[in-house]
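Chains, contacts and geometry: an overview
Letter by letter, the chains look like this.
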Amino acid sequence: MRQAFSILTLCVLVACGSGNQKPMETPKDKLVHQLFSFAETGKIAYGHQDDLVYGHNWVLTEWENDPLERSDVKDVTGKYPMVMGFDLGGIELGHAKNLDGVPFGLMRKAAQKHVERGGIVTFSWHPRNPLTGGDAWDISSDQVVKSVLADGEKSGEFKLWLRRAADFIESLGVPVIFRPWHENLGSWFWWGGKLCTAEEYKELYRHTWLYFTKERGLTDILWCYSPNGDCGPQAYMERYPGDEFVDILGIDTYEYVGHGGVEEAGVRYMEELRSALTYLTAISYEHEKLMCLSETGLEGLVDPQWWTARLMPAMQEFPISYVLTWRNAHDKPGHFYAAWKGFENEADMKAFAELENIILLKQ
Ligand code: BMA
């Protein structure tokens, strides 16, 4: 990876501007440089979805005056995750809470608080199906993407959806990583591989980017393209919106335990992750982009050494700027992806967090 890091150094210099006149660094530039500096020094920031707003066995209800100091990750490691993920699903309909019951007011407060503490925030979005009225997972029609694009029957309504999402992000007043239309090479969301053509997908992403960036002037957003990682480089690029529209290349890759048991699942996960990060690294050098492991995890952490024996060895050689594990649901007992106080995997997650090249947020 040595050669890799020198290329990244070059990217940082280019982004900083190496001429005599130093251009003003925007909040987005600062975030880009921070993420590059992680990768460049062989470090990886750790992130967790919804970490400040609920955990495995707790949920914030009276949040208006709460200092937002509770975190499953902090309970286990003594530190907050460096990156916090949140999901906008539900904002498109003007709902007060997202699809997992998180009030948008709380989400805003948590995101702002986290950035104030020195952390980084990222937003995913599971919007409902604009054509059928179902949820993001409603794949009953392959006309949905088409219907929201120019002249489509839902294009007007969809504009309102984009407006609501943009209003929320604008209201934060902090730079964010936004990764809409994720896991687009599988076919479980209405924007998935079999549900639209490559051109329609790219148009959807660009349309979103154009609205936020050009119509709304929201320039402190780092745009992340994050397909499911098992797709291979060709498919990854087939639906890539283009360098102008993307700042970070991500992949979502999970470990799934099948009939072969935990051991076999762990080996398969490491192979899949390494192979995905190998092609992602090559693409990121070629396109001079940051890269991240935008979502990963093992549901219920049924492997007591998942962090140090699976995740870490599989990702440590790659210049990824951050890794984010998915949420610890408070209302689905087995649905968690970070350890919590009292769980048997706790010691291993703590050991992972204490590794020299893993970055959490110092108190
Ligand atoms: C999925 C699950 C769901 C959740 C959704 C959006 O992976 O965690 O329970 O509603 O993400 O956060």
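See the structure shown above.
A quick note: this is a predicted structure, and the numbers were derived from the prediction, not measured. (Residues numbered from 1 in each chain as written. Predicted model: local features only at pLDDT ≥ 70, side-chain atom pairs only at ≥ 80, totals over all residues. Heavy atoms only, no water.)

1. Regarding helix α9 (residues 261-287)
The line we're drawing: Runs of H or I in DSSP of at least four residues are treated as helices and runs of E of at least two as strands, each being numbered from the N terminus. Multiplying 1.5 Å by the residue count of a helix minus one yields the expected span of that helix.
Taking 1.5 Å of rise per residue, the 27 residues of α9 would be expected to cover 39 Å, and the 38 Å separating its terminal C-alpha atoms lies within 8% of that figure. Looking one or two places after α9, you find Glu288, whose phi comes out positive at around 50 degrees.

2. Observations regarding the packing of aromatic side chains
We apply this condition: Here a pair means two rings of Phe, Tyr or Trp (six-membered ring of Trp) with centres within 6.5 Å. Their orientation is stacked below 30 degrees between planes, edge-to-face above 60, and tilted elsewhere. Classification of residues uses two cut-offs on accessible area relative to the type maximum, computed with a 1.4 Å probe and protein chains only: under 20% is buried, over 50% is exposed, and between them is partly exposed.
Counting across every chain of the model gives 34 aromatic pairs. With 5.9 Å between their ring centres and 85 degrees between their planes, Tyr46 and Phe352 make a pair best called edge-to-face. Residue Tyr46 is found in strand β1 (residues 44-49), and its partner Phe352 is found in helix α11 (residues 346-353); the two are separated by 306 residues along the sequence. On the basis of relative accessible area, Phe352 is assigned to the buried category, the value being 1%. Ring plane angle 20 degrees and centroid distance 4.7 Å describe the contact between Phe189 and Trp191, whose orientation is recorded as stacked. For the pair Phe189 and Trp191, one class covers both residues: buried.

3. Some details on the site of the ligand
Inclusion rule: For this description, a residue counts as near a given molecule or strand if any of its non-hydrogen atoms is within 4 Å of it. Polar contacts, as counted here, are pairs of nitrogen or oxygen atoms within 3.5 Å of one another; within protein the pair requires one atom able to donate a hydrogen and one able to accept it, and residues that are adjacent in sequence qualify only if both atoms are side-chain atoms. With residues, only the protein chains shown are counted as cover, and all accessible areas are computed by Shrake-Rupley using a 1.4 Å probe. Side-chain classes are defined by residue name, with Ala, Val, Leu, Ile, Met, Phe, Trp, Tyr, Cys and Pro counting as nonpolar, Asp, Glu, Lys and Arg as charged, and the others, Gly among them, as polar.
If you check the shell around the ligand, you find Leu99, Asp100, His126, Trp137, Trp326, Arg327, Lys332 and His335 and nothing else. The side chain of Asp100 places a nitrogen or oxygen atom 2.5 Å from an oxygen atom of the ligand. One of the side-chain N or O atoms of Lys332 is found 2.7 Å from an oxygen atom in the ligand. If the ligand stood free it would expose 300 Å²; the protein chains cover 80% of that surface. Looking at side-chain class alone, the shell around the ligand contains three nonpolar, two polar and three charged residues.

4. Structural notes on the pairing of strand β6 (residues 120-124)
Operational definition: Two strands make a pair as long as DSSP finds a minimum of two bridges between them. Whether a crossover is right-handed depends on one test, that the path from the first strand over the helix to the second runs clockwise when the strands point away from the viewer.
Here β6 lies mainly inside the structure; five of its five residues are buried. Because side chains alternate across β6, one face comprises the buried residues Ile120, Thr122 and Ser124, and the other comprises Val121 and Phe123, equally buried. The pairing of strand β5 (residues 83-87) with β6 spans five bridges and is parallel. Pairing of Asp87 across the sheet is with Ser124, part of β6. In this region the chain leaves β5, passes through helix α4 (residues 104-116) and returns to the parallel neighbour β6; the handedness of that crossover is right-handed. Here two bridges tie β6 to strand β7 (residues 176-178), and the two strands are oriented parallel to one another. Note that in β7 the partner of Phe123 across the bridge is Phe178.

5. Structural notes on the packing of α4 against helix α6 (residues 155-172)
Operational definition: Axes here mean lines fitted to C-alpha atoms, for a helix over just the part in contact, with angles spanning 0 to 180 degrees between N-to-C directions. Should an angle fall under 35 degrees it is taken as roughly parallel, and over 145 as roughly antiparallel, whereas 65 to 115 is taken as roughly perpendicular and any remaining angle as oblique. What makes a crossing left-handed is the near helix being turned counterclockwise from the far one by less than a right angle; a clockwise turn instead makes it right-handed. Only heavy atoms enter the contact rule, under which two residues are in contact if any of them lie within 4.5 Å.
In contact at an axis separation of 9 Å, α4 and α6 are set at 40 degrees when each is read in the N-to-C sense. It follows from the interaxial angle that α4 and α6 lie oblique. Seen from above, α4 lies across α6 with right-handed handedness. Contacts between α4 and α6 involve Phe104, Met107, Arg108, Ala111 and Gln112 from the first element and Phe168, Ser171 and Leu172 from the second. Of the residues belonging to the contact of α4 with α6, the class tally is five nonpolar, two polar and one charged.

6. Considerations on a nonpolar patch on the surface
Under the convention used in this document: Patch rule: a residue counts if its relative accessible area is over 30% and it has no salt bridge; like charges are joined within 9 Å, and nonpolar side chains (Val, Leu, Ile, Met, Phe, Trp, Tyr) within 5 Å. Any Lys or Arg side-chain nitrogen located within 4 Å of an Asp or Glu carboxyl oxygen qualifies as a salt bridge.
Residues Leu99, Trp137 and Trp188 make up a contiguous nonpolar surface patch of roughly 300 Å² in combined accessible area. Mapping Trp188 onto the fold places it in the loop between β7 and α7 (198-215).

7. What about the side chain of Asn345?
Residue position: Asn345 is located in the loop between β11 (322-325) and α11. Separated by 3.0 Å, the side chain of Asn345 and the backbone oxygen of Asp303 make a polar contact. Not counting residues within four places of it along the chain, the set of residues in contact with Asn345 comprises Leu301, Asp303, Pro304, Gln305, Trp306, Trp307 and Ala339.

8. Let's talk about the side chain of His335
Within the secondary structure, His335 sits in the loop between β11 and α11. Look at His335 and you get buried, because its relative accessible area is 13%. At 2.7 Å, the side chain of His335 and the side chain of Glu299 are in polar contact. In contact with His335, other than residues within four places in its own chain, are Glu299, Trp326, Arg327, Asn328 and Ala329.

9. Notes on α6
This is how it is decided: This arc is taken over the directions from the axis of the helix to the C-beta atoms.
Spanning 18 residues, α6 covers 26 Å between terminal C-alpha atoms, matching the ideal 26 Å at 1.5 Å per step. Turning to α6, its buried residues number three or more, namely Phe158, Trp161, Leu162, Ala165, Ala166, Phe168, Ile169 and Leu172. Down the axis of α6, the buried side of the element spans an arc of 155 degrees, and every buried residue falls inside it. Gly173 lies just past α6 and shows a positive phi near 70 degrees.

10. Some points on the packing of α9 against helix α10 (residues 306-315)
Two numbers describe how α9 lies on α10: the axes approach to 8 Å, and their chain directions differ by 25 degrees. Put simply, α9 runs roughly parallel to α10. With respect to the hand of their crossing, α9 and α10 are arranged in right-handed fashion. Residues Glu263, Gly266, Val267, Tyr269, Met270, Leu273, Arg274 and Leu277 of α9 touch α10, and the partners they reach there are Trp306, Ala309, Arg310, Leu311, Pro313, Ala314 and Met315. For the contact of α9 with α10, the residue count by class is 11 nonpolar, one polar and three charged.

11. Section: the pattern of salt bridges
Enumeration over the complete set of coordinates arrives at 16 salt bridges. Between Arg216 and Asp167 there is a salt bridge, with the nearest N and O atoms lying 2.7 Å from each other. Taken as a pair, Arg216 in the loop between α7 and β8 (221-225) and Asp167 in helix α6 lie far apart in primary sequence, 49 residues in all. A relative accessible area of 34% means that Asp167 is categorised as partly exposed. Residues participating in the shared-partner salt-bridge network are Asp167, Glu170 and Arg216.

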